Amino acid sequence: MTTTAPRTAAAPAPTAPGQTTADDDTAVRAAALTRARARAAGAQAVPAFDRLLELVEGERAVAVRNVPATLACFTAHFPRHPVLPGVLLLESLTALARAAAGPGSWHLAAVRGVRFKHFVGPGDQVHLTVEVSRHSPRQTECRATARVGDRVVATVRALTLAGATTTREGTA
């Protein structure tokens, strides 16, 4: 005759192999967010976005970038009407695309169909959205949108990232 110890309320119920619980899913998502934040912080001295709101690796990512009036670029771009340079907005979208692409070392390979529709100025909060349209171990292509409030300020039809092992055209 065998005896078993009584199960306490704190002990989790056993799961079948391959089955996950809601706590496991939450832990996996939290770990993915942490990895994406570390990748974004390690890639640049100035973070490309302030807060990662949503991340589904290989599918989509949503983040927020606050635009402080203390950015050095506002003194020259333009003194009487400060505007965030489009290349900095594109850099934020690229960093978010790297997070959405998942683990690995990704670099920007191509950008097509970029449209800057409205100015982004000091004090604005930009909501960045990236959706992965094609993904493979060697290349990821995304669509991206930047909004301030309800207004779309920039769109990118195709932002292509290449893996670190991919050789560039014209190189060995």
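The rules behind the values
Residues numbered from 1 in each chain as written. Predicted model: local features only at pLDDT ≥ 70, side-chain atom pairs only at ≥ 80, totals over all residues. Heavy atoms only, no water. Helix = DSSP H or I, 4+ residues; strand = E, 2+ residues; numbered from the N terminus. Buried < 20%, exposed > 50% of the residue type's maximum accessible area, 1.4 Å probe, protein only. Salt bridge = Lys/Arg side-chain N within 4 Å of Asp/Glu carboxyl O. Pairing = 2+ DSSP bridges. Axes fitted to C-alpha atoms, helices over the stretch in contact; angles between N-to-C directions. Contact = heavy atoms within 4.5 Å. Polar contact = N/O pair within 3.5 Å; in protein donor to acceptor, adjacent residues only side chain to side chain. Expected span 1.5 Å × (residues − 1).

(A) Spatial organisation of the environment of T165. Take T165: it is sitting in the segment after β6 (151-163). When its relative accessible area of 69% is taken as the criterion, T165 is described as exposed. As a C-alpha pair, T165 and S105 span 60 residues in sequence and 8.6 Å in three-dimensional space.

(B) How the structure looks around the pattern of salt bridges. Enumeration over the complete set of coordinates arrives at five salt bridges. E131 is paired through a salt bridge with R60; the nearest N and O atoms lie 3.2 Å apart. Residue E131 is located in strand β4 (residues 125-135), and its partner R60 is located in strand β2 (residues 60-66); the two are separated by 71 residues in the primary sequence. For R60, a relative accessible area of 25% gives the class partly exposed. Between E141 and R134 there is a salt bridge, with the nearest N and O atoms lying 2.7 Å from each other. You can call E141 buried: its relative accessible area is 13%.

(C) Structural detail: the sheet that holds strand β1 (residues 51-56). Within the open sheet, the six strands sit side by side as β1-β2-β4-β5-β6-β3. Their pairing is antiparallel. Among the strands making up the open sheet, the edge pair consists of β1 and β3 (106-116). Along the sheet, successive strands turn relative to each other by an average axial angle of 20°, direction set aside. In this structure, β2 lies alongside β4, joined through seven bridges in antiparallel fashion. By the bridge assignment for β4, A63 is matched with L128. Strands in contact with helix α2 (residues 86-101) are β1, β2, β3, β4, β5 (139-148) and β6; relative to β4, the strand with the most contacts, it is inclined by about 50°.

(D) Structural context of unusual backbone geometry. Residue F78 follows H77 across a cis peptide bond; omega there is 0°. Considering the arrangement of structural elements, one finds F78 in the loop between β2 and α2.

(E) Highlighting the side chain of E141. Mapped onto the fold, E141 is located in strand β5. Separated by 2.7 Å, the side chains of E141 and R134 make a polar contact. Aside from chain neighbours lying at most four places away, what touches E141 is R112, E131, V132, S133, R134, A158, L159 and T160.

(F) α2, seen in detail. An ideal rise of 1.5 Å per residue puts 22 Å on 16 residues; α2 measures up with 22 Å between its terminal C-alpha atoms. Listing the buried residues of α2 in full gives L89, L90, S92, L93, T94, A95, L96, A97, A99, A100 and A101. One or two residues past the end of α2 sits G102, with phi positive at roughly 100°.

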